[in-house]
Each structure stands twice: as structure tokens, then as C-alpha cells.
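Listed below, chain by chain, are the residues.
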Amino acid sequence: MPSIFYEIFNNIIKLNAKTIKNFTKSLKELHKELAEKGDKDNLKVLRNRLSHLLESKSEKLDKKEKKQLKPLYKILDEIDDQIDAEIQKEEKEKESEIIDVVEKVDKRYRACENIDEEKRDHYIPICAKKSDYEYERELIQLQLELVKLQRHIKKNGEKLLVIFEGRDAAGKGGTIKRFMEYLNPRGAKVVALEKPNDMEKSQWYFQRYVHYLPSAGQMTFFDRSWYNRGGVEPVMGFVTKDKYEQFMKDVPQFENMLVDSGIKVIKFYFSVTKDEQAKRFEERRTNPLKQYKLSPIDQESQKLWEKYTLAEYKNFTQTHTDHCPWIVINSDNKKKARINAIKYVLSQFDYEGRMPKKDLKYDKKIVLSGIDKCKILKTEIDIDDDLFE
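Predicted model, so just to flag it, every value in this text is computed and none were measured.

### A few points about the sheet that holds strand S1 (residues 159-166)
Then, in step 1: The strand order across the open sheet built from 6 strands is S2-S3-S1-S4-S5-S6, with neighbouring strands paired in mixed fashion. The open sheet terminates on both sides in strands that have one partner only, identified here as strand S2 (188-191) and strand S6 (367-369). On average, adjacent strands in this sheet sit at an angle of 25° to one another, irrespective of strand direction.
Then, in step 2: In this structure, S1 lies alongside strand S3 (residues 218-223), joined through 6 bridges in parallel fashion. Across the sheet, Leu-160 pairs through a bridge with Met-219, a residue of S3.
Then, in step 3: This element, helix H7 (residues 130-156), spans S1, S2 and S3 of the sheet and lies at about 120° to S3.
Then, in step 4: On top of the sheet, helix H12 (residues 241-260) reaches S1 and strand S4 (263-271); it is set at about 135° to S4, its chief contact.

Right, here's the structure in full:
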């Protein structure tokens, strides 16, 4: 590096018409040299030193002398542009190294005629549903978006809490599995609490849930939540009327505190029809891989269908708020429910590299607000019935 840089940057010689001219010439030569090498790090050093120099010197110069600094400011802008160009170049190189996850799905579903003849002996012809292929293709794209969202949440210290409630066998667990599949478990966790023990029963009702709320940079998925008290407990007779009514008054205030503390809360309620629920219970009963999902409470769900519907209505009308609304997912079709639930979450954030908004549009026949669901429930039950009679 020419001695003039050392002398000017270290205040050994002063900036004047003559030194600025020589300094500008040397800067241009050095900038050209570093640009040709693509030396982003030294370009940053040069930019920082020049920026600091201009900032400190310009305050002490008169108008005439400041005009003489224009060539230096021009070079500073050029260095900035070169650094941006090098960064973009690096990003493109990184992108070219990343595999296309959608392409992997396409390869898995290749038609037989698209496989080289010498390799066909390693394959067997299988008929696959077009809808399965389309589902897997869209799902992997959305899961990639969830990875981007997690990166955004970690980088910005945000906190996301997604609550999954709903009818038994409505598909909550399967949807959570798809949310979590490719997320870093260090920053994303699933909370599925057992029934409270004797000590927890003596605590403030919300206390055991508070321990699992997300910290900065974390995503938390509740597989059922404090809303057990708004649904299962009153229907099954596990809570008194007084405690239930107190819960209904407390929960909007509790959730308001969560939102005020910086937690983004999304409340999903997965809704399934009575016939579809019956089919899924039968599969649980007969499929040894799913029998663990069948509980005594599940077996009562069909008998108490109307009472659960009444609990739904009362829950939505009292706990659906502007700061923490209910989002109902019609889940008779599990795959569509998963896709639309993920789209809804992604649509609530603006993060770097997000796919176009049009690709995140969810189906409004599948995704409803709690208020819209209440209008439907009114036609199915007597809303004036008492849950505790």
C-alpha cells in the first residue's frame, strides 16, 4: 500500500488540494486492484478507513475545501457498490450449491419411460396417485419456507407459540409432525403435557404451561394446551362450573399478557365431522401401529358429540379476541388441512426470501375464523344449553 495512505490515515500529512489529488489517484488504483481480485474483506477495510477519514475531516473544512473532497466521496460510493456486487456473487454461488428439494420429489415419482433402460431393472412399476405427488411437492416447498421462518425468528429474537386444539382424531399430531419435520430442534419444540399431578393441581391453572412458553428465537408447538379446561374438562366432568367460568374470564387476559410480552400466538382448532371421526377411531382400534392413540376419552367422544359442539361454541364466543383469534381448520381431508395450516402460519410473517404471497394463499373453505365457525355451530345445537346439566 502506498505510503500516502499511511500518512493521511494517520494524520501525518493534511488533506489539501495537492494531497487530495494524489490520494484520489492512489485510491482509484488500489480500488481497481482489489476489485479485480474480488478481495471483499480488504475492500471493506478500505471503505471503513476512508469513511472514517471523511467523517472526521469534513467537519473542520470550509465549503471550498469540502468541494475538493467530492472525488473521495465518489470513490467511497464505488467501493460500496463493489462490495455489494461481491456479496451478491457469493450468495449466487451458495444458492447454486443448494439442492433443489422439490426436484428430489420429482425424481421419486418419475414415470417408467423417463428412466434410462439400463437402470430400469432396479425399479418396479408402481401406480402413484397424482394427488399424493402434488401434496408431497407442495408440502416440501412449504417446509422449506418453515426453515426460512425459523432462521428469521432466531435472527430477530422473535417468539412464536402455535396452539393445536380440536376434536379427537382431527389430525393435530400429524400436522405438528409436518411442521417440525425439518426444523432445528434446538429452536423448535413440541409440548404435549400429561394430565396434571397432585402438585400441579394445587397450582395456578396456567402455571405449568408458563414454563414451556418460547424464549427469544424459539418456536413452540402446543399439542393441546390450557384449553383442556375449555373443552374436555367440562364435557367429561373434570372441572366445576365455577372454575370453568373463572377460566373463561381469565384466559383472554392471560393471552393478552403473552402477546404484550412479544409472543406471537396462533391458536388452531382442528374440526372434523362426526362420521370422519368415527372412521378414524375405527382405524385406531384395528391398526396396531395406531392403537396407542385410542384412549377411553376418545371412545366417549362420539357419544358426547353434541356436548363437545356446545363446548366449542362457548369457547369460541368467549376466547376469540382481536389480539388472539381462533383459526379453525376443517380437517376431514388431512393433507389439505396440513398444507393450509402451514400456509396460514407462513402468511403471518414477512421474512427474507419468502415465496410469493400468491403461493401462500390458503383455502378459505378450510381455514375459518372462530367467529365464522360460531355461525355454523348455531345451526347445529341449542346454544342456550348448559354444559353442566
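What follows picks up the thread again.
### With respect to the pairing of strand S5 (residues 326-330)
Consecutive residues of a regular strand have side chains that alternate between opposite faces of the sheet.
Then, in step 1: Along S5, 4 of the 5 residues are buried, which leaves the element largely enclosed by surrounding structure.
Then, in step 2: As paired elements, S4 and S5 share 5 bridges and run parallel to each other. The partner of Phe-268 across the bridge, within S5, is Ile-327.
Then, in step 3: Relative to S6, S5 runs antiparallel, the two being bridged by 3 bridges. Bridge pairing in S6 links Val-328 to Leu-368.

### Quick word on helix H13 (residues 274-286)
Then, in step 1: In a regular helix each residue adds 1.5 Å, so 13 residues correspond to 18 Å; H13 covers 19 Å between its end C-alpha atoms and thus fits that length.
Then, in step 2: Looking at the buried side of H13, the elements it contacts are helix H14 (296-301), helix H15 (305-319) and helix H16 (334-347).

### Brief notes about a negative patch on the surface
Then, in step 1: A surface patch of negative charge is lined by Asp-77, Glu-78, Asp-81 and Asp-84.
Then, in step 2: Note on placement: Asp-77 falls in helix H5 (residues 70-97).

### Remarks on the packing of H12 against H15
Then, in step 1: Packing of H12 against H15 leaves a shortest axis separation of 10 Å and a crossing angle of 40°. Regarding the angle of H12 to H15, the classification is oblique. Crossing of H12 over H15 shows right-handed handedness. For the pair H12 and H15, contact is made by Tyr-244, Met-248, Val-251, Pro-252 and Glu-255 and by Lys-314, Asn-315, Gln-318 and Thr-319, respectively.
Then, in step 2: Within the contact of H12 with H15, the residues separate by chemical class into 4 nonpolar, 3 polar and 2 charged.

### Some words on the nonpolar core
Then, in step 1: In this structure, Leu-149, Phe-179, Phe-221, Phe-268 and Ile-329 are the most contacted members of the largest nonpolar core, which totals 36 residues.
Then, in step 2: Of all the secondary structure elements, the ones that give two or more residues to this core are H7, S1, helix H8 (172-180), S3, S4, S5 and H16.
Then, in step 3: Listed in part, the 35 residues of the second largest apolar core include Leu-213, Trp-226, Tyr-227 and Cys-324.

### A look at the side chain of Arg-229
Then, in step 1: Considering the arrangement of structural elements, one finds Arg-229 in the loop between S3 and helix H11 (232-236).
Then, in step 2: Leaving out residues up to four positions away in the same chain, Arg-229 has contacts with Tyr-205, Pro-234, Val-239, Lys-243, Tyr-244 and Phe-247.

### Quick look at unusual backbone geometry
Then, in step 1: Its identity as a non-glycine residue notwithstanding, Ala-169 has a phi of 65°, on the positive side.
Then, in step 2: Here Ala-169 is to be found in the loop between S1 and H8.
Then, in step 3: For Ala-169, a relative accessible area of 6% gives the class buried.

### Remarks on the packing of H8 against H16
Then, in step 1: Closest axis-to-axis distance for the H8/H16 pair is 10 Å, and the angle between their directions is 55°. Relative to H16, H8 is oriented oblique. Note that H8 runs across H16; the crossing there is right-handed. Of the residues in H16, those in contact with Gly-174, Thr-175, Arg-178 and Phe-179 of H8 are Arg-338, Ala-341, Ile-342 and Val-345.
Then, in step 2: For the contact of H8 with H16, a count of residues per class yields 4 nonpolar, 2 polar and 2 charged.

### Looking at the pattern of salt bridges
Then, in step 1: Evaluation of the coordinates by the stated rule reveals 19 salt bridges.
Then, in step 2: With a closest N to O distance of 2.9 Å, Arg-229 and Glu-233 form a salt bridge. With respect to burial, Arg-229 and Glu-233 carry one shared label: buried.
Then, in step 3: What emerges from the salt-bridge pattern is a single network uniting Glu-165, Asp-168 and Arg-224.

### Some thoughts on the state of the cysteines
Then, in step 1: Tallied over the full model, the rule gives 0 disulfides.
Then, in step 2: Sulfur of Cys-374: no disulfide; nearest cysteine sulfur belongs to Cys-324 and is 15 Å away.

Rules used throughout
Residues numbered from 1 in each chain as written. Predicted model: local features only at pLDDT ≥ 70, side-chain atom pairs only at ≥ 80, totals over all residues. Heavy atoms only, no water. Pairing = 2+ DSSP bridges. Helix = DSSP H or I, 4+ residues; strand = E, 2+ residues; numbered from the N terminus. Axes fitted to C-alpha atoms, helices over the stretch in contact; angles between N-to-C directions. Contact = heavy atoms within 4.5 Å. Buried < 20%, exposed > 50% of the residue type's maximum accessible area, 1.4 Å probe, protein only. Expected span 1.5 Å × (residues − 1). Patch = residues over 30% accessible without salt bridge, like charges linked within 9 Å, V, L, I, M, F, W, Y side chains within 5 Å. Areas by Shrake-Rupley, 256 points an atom, 1.4 Å probe, with all protein chains shown as cover. Salt bridge = Lys/Arg side-chain N within 4 Å of Asp/Glu carboxyl O. Lys, Arg positive; Asp, Glu negative; His and termini not counted. Charge placed at Lys NZ, Arg CZ, Asp CG, Glu CD. Parallel < 35°, antiparallel > 145°, perpendicular 65-115°, else oblique. Left-handed = near helix turned anticlockwise from the far one by under 90°. Nonpolar A, V, L, I, M, F, W, Y, C, P; charged D, E, K, R; others polar. Core = buried A, V, L, I, M, F, W, Y, C linked by side-chain atoms within 4.5 Å. Disulfide = S-S within 2.5 Å.

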